[in-house]
Amino acid sequence: MRIGILGTGTMAAALGEGWARAGHELTVAGRSPSKARELAERLGGGARAVPPRQAVEDRDAVLLAVSWQGAEEMLRGAGAADGSLAGTPLIDPTNAVEHGVGVLLPGPGESMAQRIAGLSPGAHVVKALNVFPSAQWTHAGGEPPVTVAMCGDDPEALRVVGDLVRDVGGVPAVLGPLERARQLEEVAGFVIGLAFAGTDPGSAIPRLPSP
């Protein structure tokens, strides 16, 4: 696939590494052109550093790998308000939570994913990859796969993102439409809150017998 990556941080690098290893064609953009060039060179496989608007052109999927505070600025730079992402699966792994506490910052009933959809008319937003830390995706294989819950309204976008999740060692599981994205964001806040309190979040989730 042709994948655009908006962002140059640890999540962009980790997922980009896995997707480059799987043979996908990557374009990388960020607020800092020099950091975008550095990441593209590190990813290899013909990855290119380009301006944000060019990073989303003719892409099979786009990853918005920035902090939640920088999402609006990045989408504006990519021309999202003008419809540059219309018809494109837009992967949202952001977590708008209070650092170290995990409390969601969007108002009651709101989700960051729905805000991103509002800033990107026509884009097929898929909430995914927001629960696990970036280090989860830097392994070349050999570990049991983890389940990646996703939310989205477009079946084809969910299929595309599911394939990309498999490419980095995850197993996709669709939770429901994008209106349920707040649940995924609350789960991330739950995990973050327990982890910062020194508790293994996995120990707080019941293990059910396999069907």
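Residue positions within a chain follow its written sequence, with the count starting from 1. Under the rules for a predicted model, residues below a pLDDT of 70 receive no local features and side-chain atom pairs below 80 are neither given nor counted, while totals for whole chains, interfaces and linings still include all residues. Just so you know, side-chain values use all the structure's heavy atoms and leave hydrogens and water out.

You'll find the protein entered in an unreviewed UniProt entry as Pyrroline-5-carboxylate reductase catalytic N-terminal domain-containing protein, with Nonomuraea endophytica given as the organism.

*Asks:* Any chance you could explain the environment of Leu-15 here in plain terms?
*Replies:* Secondary structure elements are taken from DSSP: a helix is a run of H or I of four residues or more, a strand is a run of E of two residues or more, and numbering for both begins at the N terminus. Assignment of secondary structure puts Leu-15 in helix 1 (residues 10–21). Each residue is assigned to one of three classes by its accessible area relative to the maximum for its type, calculated with a 1.4 Å probe on protein chains only: buried under 20%, partly exposed between the two thresholds, exposed over 50%. Residue Leu-15 is classed as buried on the basis of its relative accessible area of 0%. A sequence separation of 170 residues divides Leu-15 from Glu-185, and the C-alpha atoms of the two residues are 19 Å apart. Those residues in contact with Leu-15 that lie beyond four places of it in its chain are Leu-63, Leu-129, Trp-137 and Val-168. Only heavy atoms enter the contact rule, under which two residues are in contact if any of them lie within 4.5 Å.

*Asks:* Looking at this structure, how should I read the packing of helix 1 against helix 2 (residues 33–43)?
*Replies:* How two helices sit against one another is set out by the angle between their axes and by the gap between those axes. The geometry of helix 1 relative to helix 2 is characterised by a closest axis approach of 9 Å and an angle of 35° between their N-to-C directions. Judged by the twist between their axes, the crossing of helix 1 over helix 2 is right-handed. On the side of helix 1, the interface is formed by Ala-12, Ala-13, Gly-16, Glu-17 and Ala-20, while helix 2 contributes Leu-39, Arg-42 and Leu-43. Here the term charged refers only to Asp, Glu, Lys and Arg, the term nonpolar to Ala, Val, Leu, Ile, Met, Phe, Trp, Tyr, Cys and Pro, and the term polar to all other amino acids, Gly among them. Broken down by class, the residue content of the contact of helix 1 with helix 2 amounts to five nonpolar, one polar and two charged. Angles run from 0 to 180 degrees between N-to-C directions of axes, and those axes are lines fitted to C-alpha atoms, restricted for helices to the stretch in contact. Here a crossing is called left-handed whenever its near helix is offset anticlockwise from the far helix by less than a right angle, and right-handed whenever the offset is clockwise.

*Asks:* Sorry if this is basic, but what is going on with the sheet that holds strand 4 (residues 61–64) here?
*Replies:* By definition, the strands of a sheet pair up through backbone hydrogen bonds, in either a parallel or an antiparallel sense. Two strands form a pair only when DSSP identifies at least two bridges running between them. The strand order across the open sheet built from eight strands is 3-2-1-4-5-6-7-8, with neighbouring strands paired in mixed fashion. The open sheet has two free edges, formed respectively by strand 3 (48–49) and strand 8 (170–176), since each of these has just one partner strand. Sheet contacts for helix 5 (residues 112–119): strand 4, strand 5 (89–92) and strand 6 (124–127); angle to strand 6, the most-contacted strand, approximately 165°. Its contacts with the sheet place helix 7 (residues 181–196) against strand 5, strand 6, strand 7 (146–152) and strand 8, and it is angled at close to 145° to strand 7.

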